[in-house]
Number of protein chains: 2
Amino acid sequence: MMDGKEDERDIEIEGMIIANEESLERYRSGSAEDKDLLRQPLLKNMRTNNTSQLAIVGANVCPIESLDYEIIENDLFKQDWRSRTKVEIFQYVVLKWTLALLIGLGTGLVGFFNNLAVENIAGFKLLFTNSLMLREKYYHAFAAYAGCNMALAIAAAALCAYVAPAAAGSGIPEVKAYLNGVDAPSILAPKTLFVKIFGSIFGVAGGFVVGKEGPMVHTGSCIAFLLGQGGSRKYRLTWKWLRYFKNDRDRRDLITCGAAAGVAAAFRAPVGGVLFALEEAASWWRSALLWRTFFTTAVVAVVLRGFIDFCHGGKCGLFGEGGLIMFDVNSAKPTYSTPDLLAVILLGVIGGIFGSLYNYLVDKVLRTYSIINERGPILKIVLVVAISLLTSCCSYGLPWLSQCIPCPADLGDPCPTVGRSGNYKNFLCPPNHYNDLASLFLTTNDDAIRNLFSSGSDKEFQLTTLLTFFVAIYGLGIITYGIAIPSGLFIPVILAGASYGRLVGTFLGSFSYLDTGLFAILGAASFLGGTMRMTVSICVILLELTNDLLMLPLVMLVLLISKTVADCFNKGVYDQIVKLKGLPYLEAHAEPYMRNLVASDVVSGPLVTFSGVEKVGNILRVLKITKHNGFPVIDEPPFSAAPQLCGLVLRSHLLVLLKGKKFTKQRVRDASDIMRRFKANDFAKPGSGKGIQLGNLDIKEEEMEMYVDLHPITNTSPHTVVETMSLAKAAILFRELGLRHLLVVPKTLERPPIVGILTRHDLMPEHILGLYPQFDPHRKKP
Amino acid sequence: MMDGKEDERDIEIEGMIIANEESLERYRSGSAEDKDLLRQPLLKNMRTNNTSQLAIVGANVCPIESLDYEIIENDLFKQDWRSRTKVEIFQYVVLKWTLALLIGLGTGLVGFFNNLAVENIAGFKLLFTNSLMLREKYYHAFAAYAGCNMALAIAAAALCAYVAPAAAGSGIPEVKAYLNGVDAPSILAPKTLFVKIFGSIFGVAGGFVVGKEGPMVHTGSCIAFLLGQGGSRKYRLTWKWLRYFKNDRDRRDLITCGAAAGVAAAFRAPVGGVLFALEEAASWWRSALLWRTFFTTAVVAVVLRGFIDFCHGGKCGLFGEGGLIMFDVNSAKPTYSTPDLLAVILLGVIGGIFGSLYNYLVDKVLRTYSIINERGPILKIVLVVAISLLTSCCSYGLPWLSQCIPCPADLGDPCPTVGRSGNYKNFLCPPNHYNDLASLFLTTNDDAIRNLFSSGSDKEFQLTTLLTFFVAIYGLGIITYGIAIPSGLFIPVILAGASYGRLVGTFLGSFSYLDTGLFAILGAASFLGGTMRMTVSICVILLELTNDLLMLPLVMLVLLISKTVADCFNKGVYDQIVKLKGLPYLEAHAEPYMRNLVASDVVSGPLVTFSGVEKVGNILRVLKITKHNGFPVIDEPPFSAAPQLCGLVLRSHLLVLLKGKKFTKQRVRDASDIMRRFKANDFAKPGSGKGIQLGNLDIKEEEMEMYVDLHPITNTSPHTVVETMSLAKAAILFRELGLRHLLVVPKTLERPPIVGILTRHDLMPEHILGLYPQFDPHRKKP
């Protein structure tokens, strides 16, 4: 980590000592019984790996936690499950669907509100600027324009810098990591949601080259998380029925629905939303989930439609003229011949190259910005202001370079444009002329895309205009991502891609029969494929945006080509950001070199275990000196003939158990007290906050010498692998089942019943290659 | 099994003895060393389960085999993998994409050919009948019509009955089961492909109420299988590069592509095809697969488009007027109010009830037909002829009941219809009149659907007409599925649903502003949701068919309602057929009662194991007397200090090893000879045929006393669970990782190193509830 806050991270590194060596030494020199707790695994050598520290880039360094999708089978939970009535099961099902409905409603509402606000703020800003320009007060106009932008930018940046640093950026990488099992708690907190909504509105309205799509996905996920959690426990906003959803599995499903709803709300693309969640966001997928996300996005679509119908006829201020992108403006029939196909293939290849270059540059810019952003909130805001000024200069200044074009004769639309949105901005031109660069720059991003996509207007934009716009947007898009405002990547990429496509289309004008608007759509597809590397979801989103299924084969072709080309150079932009942020993302496949290793090769010691009936003092001491989140429980004589593995107990469950103080004087197995005292719900995972902390416990001195029976809270069916299991297969097992801990058991008999624990961290390529640098494919030969 | 051919099934029931008790007794009374091979697991009781035999309904009883998606890590395979060059890896990737391309091309070609043939044959038949009717030779016309239908029916049925019984029916359940890991070999054989293609053409052209969609999915899968396998080995059509694909995992991926391509070709719906494969067909899904299936369906779309462009202008006979369904005829703008929404909700509810009733009746009919079909091919053909006659009578006879309607005044289309396809069939009516029932009956199924979907023609069909048509099609669809011809379910369900929807639309005429054509589409959606229980894929397929994204929210709503309603009554139609056919399909979730059991509860003994270096005679004897497909290998002194589990060896690998005859006189561990003699490729799974059989081995008497080292072919990383693992978790592990064998290891030390093997069969609800009837939720109280 860049700022050296290692102690803040509590992602499980079960085998490794996080506490300092001194305290462990003190612990070792304790009683003989205590010593027994800390077993040395019988490995060939003790490994410590110092090279695997991951870099965290970005504003928010927060404790990262692993999620657990395993079904825990302990006595308490089993009792709870057996005692569930039919009514409770029915409640659960109804509640699940109600939540999906509420997520859809909430996200739809926020999506509409976002658009409404952006359209009104940006519209007012543009109209005001325009009115000043009409009075030839050009400096005033620029001051007004840049001033508005800067005020909005400062508002967004201040929110991000002071209230919720986690709300900066797209949010899709974080949601993706969460759905992979990596939880950075403040990512889905209420204040993040608040900042994300308003920061995104200010940022988009402030004229930045950013989108609202990534933030909407994050917003949808936050809404889903909050609904599933039932409000803050602190403010007693919780709802008792929601206890069914207080586990990582159900939360994951809800957040998948939220992510899908976000895309659906951002693009008005319900099917695209489902596919986005499936292709990009989710790491685990079930058929039932397909159905539930589909329901959620359908609700979003209905809500949006209702609001738009309501706003019809100017009831919502400036909204309604351009809000909620739906570019069903392209009515060109794509009939194509071989030269057209060749042009499209070329478009895809170059788009793929530009896309991967985009990723490369974004990566570099992010690394640079992280140095600035880490120096404090003031510098963050300064950076935002600088970019805002640059953007204002570009969008106000560049149109001056363009020549005026006479309005085309036969035109349905008014030319020059009256009001805010339209293809033909007058700018400084004489009547019946328009400035094509101003039509792209001095408008909202959505309108610019709509103008670029429009068909039947081949000559509308000059070649130089498109080139200028493309270069400016490509550059601005890259340098804008990473500043401290909520910023989506979809819109910048679509804008750059559409101008690139239209540029190619205009250039090839005489060689190809395809409409330039269609070229713009294909260009956008090629850029999206080149940066985000999604295929089916982008294809469907574009189809839903343009409402024209007939161009499907061409879009597919372009997407496949650009993705293939870009994959030769680097990874998708979201994967890159996940890696850059140091989130331990588990890939679905195992790396090839893992086949050369076995599970015990990456286990590192020493290991801390508990007895089935353990002394309270021992538990407390271990919880204090280690940061492990799971401990194997070993049954020993007299409770079993020989030491044998009983299961795994979680730190959070131990804390609840200790808080309950059901201790016994003697070392006996008696769980009846505990089974009466606790309900399964007591052990449910709290949504926000960290639950019971070590400091909250108030154990008296005499209680330290008492015993507690761990059996009722021990997961007796933990997943295990034999130590000689191929690491590749162990990694796939870990990933496919969504585990947090994987126990490694010995192969031969004369050994303690457990060798070690594998966690997410142990399976990270950085960790493994740190231990075994000889397998690194990129290693320089010594 | 109904026909008592139990011995033909070799699905693994590893723990159970399939050979008779006598031969086992003989085996047990052998030498002391031999006895050692056959260990009794230390279970509480020996269980045998006689109640779990599954019923097989249908023409084809064939040996069912489990597929194995586990990565096998043995010495030979590891060596092969390590020696792979970069060129070979590149070849592999290129080949994978080439195969996807070829699958797309092949399926597109077959899909087009199918349509071309159907349109021409059916078109000629209808025109001929029509010309006879114009000359008022009504009996001749019926004779010609019914005769043509019957001839086509007999051709289809004869192909199915004599050449490939596996080609009867939809094929989707079998493909679904294959992708779940259940292989009934002849399902994907070349002759099945042949019969499926031609049988489907004859069946659809023969006027049956069947679709070509299910058969197209099956055809696509067959094409994928054949391409991946590289032609028959017998005829030396194999291709050496394809050796990379000679394993179950790669075959599964190819067949998933094939299934998607099938839907894409049948409906001209590339995105719908991908989603169908994801939602209904596939049991395992990877992100990479999404991309590959998408590529395949894109190729299909391009191929189809190319052919259709080629056929433009009557170059392909009667094709081109109605072929390759694309109902972009509905141009009604769906604007709806609350009463409309209520009507749509009601439509969904009733559609869901009708859909589940459809499933119930299809189930009953299938059970009845299976009794007839099992009596031999002649009876199969007789049944087909009977249904064909009934269908001909209905479609020729029922239009006589309808009144003639005067043609509407302002109409783009000619009325009455000239030629074959059109909305206004003249039948017996005077000039300028048409018979609306004839427009639906005396046409191809595709045209009937198009007529029902057409918009702006609210009064075209009378209420009684729609009612008659609905009842007839609903009944005919149910009794037609299950006869010995390739028959899809999509088209009958869409037809019935569309007529139902239009009926409701016409009935509600004055109450609702929605177009009756839109009602027809929604009705079709409700029936599809009610029978097949897919949501996203049906929604996208319908959108791609009608090319109108604006009605998306309504279609979504109807689908969700009808699926929810129907789910209250029974399972989806494909799941039902899978169960009826006795295919051991593994569900993605564990049944609740499995949480009450542990892994060792369903293991049944005795268990047969091998030593690491085993006597050839012993291996042969075990292979002869058991039908197990996997055997645990135990390392024993002197090769290890105590008996310990080495891994698992497969029957097929043992047979290859024995065929190679690399035996040693002494019991020593020496694998060098074997490692030199064999390549990993020798152990690749053959596509068709059964590979080496026990009878092919020619082991001499003196070789029987020699030893062979099993280590090079032993999978040293088999997946294991501890015997006390919750059965629910073991089942999910088994399913998620796509296993064929799951080893159960003991918890305590003083036991042999393995307790038993779990296979797919052991996890079937029928098996478990047979052992533990107390958990059966449907059990009658004694």
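In what follows, the structure referred to is the one given above.
Definitions and limits used
Residues numbered from 1 in each chain as written. Chains lettered and ligands numbered in written order. Predicted model: local features only at pLDDT ≥ 70, side-chain atom pairs only at ≥ 80, totals over all residues. Heavy atoms only, no water. Helix = DSSP H or I, 4+ residues; strand = E, 2+ residues; numbered from the N terminus. Least-squares fit on C-alpha atoms with pLDDT ≥ 70 in both. Contact = heavy atoms within 4.5 Å. Buried area = accessible area lost by both parts, 1.4 Å probe. Salt bridge = Lys/Arg side-chain N within 4 Å of Asp/Glu carboxyl O. Polar contact = N/O pair within 3.5 Å; in protein donor to acceptor, adjacent residues only side chain to side chain. Nonpolar A, V, L, I, M, F, W, Y, C, P; charged D, E, K, R; others polar. Buried < 20%, exposed > 50% of the residue type's maximum accessible area, 1.4 Å probe, protein only. Disulfide = S-S within 2.5 Å. Pairing = 2+ DSSP bridges. Phe/Tyr/Trp six-rings, centres within 6.5 Å; stacked < 30°, edge-to-face > 60°. Lys NZ or Arg CZ within 6 Å of the ring centre and 35° of its normal.

**Quick look at the environment of B:Ala151**
Moving on, step 1. For B:Ala151, the location among the structural elements is in helix H5 (residues 138-163).
Moving on, step 2. Taking the C-alpha atoms as reference points, B:Ala151 and B:Ala343, 192 residues apart in sequence, are found 44 Å from one another.

**Re the relation of the copies chain B and chain A**
Moving on, step 1. Taken as rigid bodies, chain B and chain A are interconverted by a rotation of 180° and an axial shift of 0.1 Å, the fit giving an RMSD of 0.0 Å. Expressed as an axis order, the relation between the two copies is that of a two-fold axis.

**Regarding the interface of chain B and chain A**
Moving on, step 1. Facing the 67 residues of chain B at the interface are 66 residues of chain A.
Moving on, step 2. Taken together, the two surfaces of chain B and chain A that pack against each other cover about 6,200 Å², and 67% of this comes from carbon and sulfur.
Moving on, step 3. On the chain B side of the contact with chain A, B:Trp291, B:Arg595 and B:Lys729 bury the most area, a combined 12% of that side's loss.
Moving on, step 4. Applying the counting rule to chain B against chain A returns four salt bridges.
Moving on, step 5. Across the pair A:Glu70 and B:Lys729 runs a salt bridge, and its minimum N-O distance is 2.6 Å.
Moving on, step 6. On inspection of chain B and its partner chain A, the count reaches 14 residue pairs in polar contact (both at pLDDT 80 or more).
Moving on, step 7. Broken down by secondary-structure element, the contributors of at least two residues to the side of chain B that touches chain A are helix H3 (75-82), helix H10 (270-281), helix H11 (287-311), helix H19 (536-546), helix H20 (552-567), strand E10 (644-650), strand E12 (720-722) and helix H26 (727-736) of chain B.
Moving on, step 8. Among the elements that take part in the side of chain B that touches chain A, H11(B) stands out by supplying 10 residues, more than any other.
Moving on, step 9. Here the residues of the side of chain B that touches chain A sort into 39 nonpolar, 15 polar and 13 charged.

**Let's talk about the pattern of salt bridges**
Residues and elements named next belong to chain A.
Moving on, step 1. Overall, the coordinates contain 33 salt bridges over all chains when judged by the stated rule.
Moving on, step 2. Note that Glu-703 is salt-bridged to Lys-661, the shortest N-O span being 3.3 Å. A residue pair is termed long-range when its members are at least 10 positions apart, and Glu-703 in helix H25 (residues 701-704) and Lys-661 in the loop between helix H23 (651-660) and helix H24 (672-677) qualify at 42 residues.
Moving on, step 3. For Lys-661, a relative accessible area of 28% gives the class partly exposed.

**Description of the state of the cysteines**
Moving on, step 1. Overall, the coordinates contain two disulfides over all chains when judged by the stated rule.
Moving on, step 2. Put simply, A:Cys404 and A:Cys429 are joined by a disulfide, and their sulfur atoms are 2.0 Å apart. Judged by the sign of its S-S torsion, about -95°, the cystine formed by A:Cys404 and A:Cys429 is left-handed. Of this pair, A:Cys404 sits in strand E4 (residues 404-406) while A:Cys429 sits in the loop between E4 and strand E5 (433-435), and the two are 25 residues apart along the sequence.
Moving on, step 3. The thiol sulfur of B:Cys222 is not disulfide-bonded, and the nearest other cysteine sulfur, from B:Cys160, lies at 12 Å.
Moving on, step 4. Look at B:Cys222 and you get buried, because its relative accessible area is 0%.

**Things to note about the side chain of A:Arg533**
All names here are of chain A.
Moving on, step 1. With respect to the helices and strands, Arg-533 occurs in the loop between helix H18 (516-532) and helix H19 (536-546).
Moving on, step 2. A relative accessible area of 7% places Arg-533 in the buried class.
Moving on, step 3. If we ignore the near neighbours within four places in the chain, the residues touching Arg-533 are Glu-279, Ser-356, Asn-359, Leu-528, Lys-563, Ala-566, Asp-567, Asn-570, Lys-571 and Gly-572.

**Description of the pairing of strand E10 (residues 644-650) of chain A**
For a regular strand, side chains alternate in direction, first toward one face of the sheet and then toward the other.
All names here are of chain A.
Moving on, step 1. Burial analysis of E10 places seven of its seven residues in the buried class, which makes it a mostly covered element.
Moving on, step 2. The sheet contact formed by strand E9 (residues 630-635) and E10 spans six bridges and is antiparallel. Residue pairing in the sheet places Ile-634 in a bridge with Leu-645 of E10.

**Quick notes on the pairing of strand E9 (residues 630-635) of chain B**
Residues and elements named next belong to chain B.
Moving on, step 1. The buried fraction of E9 is high, at six of six residues.
Moving on, step 2. For strand E7 (residues 610-611) and E9, the ladder comprises two bridges, and the chain directions are parallel. Counterpart to Phe-610 in the pairing with E9 is Val-633.

**Some details on the packing of aromatic side chains**
Residue and element names in this part refer to chain A.
Moving on, step 1. Scanning the entire structure with this criterion turns up 57 aromatic pairs over all chains.
Moving on, step 2. Considering the side-chain rings of Phe-124 and Phe-128, the 6.2 Å spacing of their centres and the 10° angle between planes classify their relative orientation as stacked. Taken together, the positions of Phe-124 and Phe-128, both in helix H4 (residues 86-134) and four residues apart, correspond to about one turn of that helix.
Moving on, step 3. For Phe-124, a relative accessible area of 55% puts it in the exposed group.
Moving on, step 4. The interplanar angle of 85° and the centroid separation of 5.3 Å between the aromatic rings of Tyr-138 and Trp-400 together place this pair among those described as edge-to-face. Linking Tyr-138 in helix H5 (residues 138-163) with Trp-400 in the loop between helix H13 (377-397) and E4, this pair joins segments that are 262 residues apart in sequence.
Moving on, step 5. Here Trp-400 falls in the partly exposed class, since its relative accessible area comes to 39%.
Moving on, step 6. Above the plane of the ring of Trp-284 lies Arg-735, whose end atom (NZ or CZ) is 5.1 Å from the centre.

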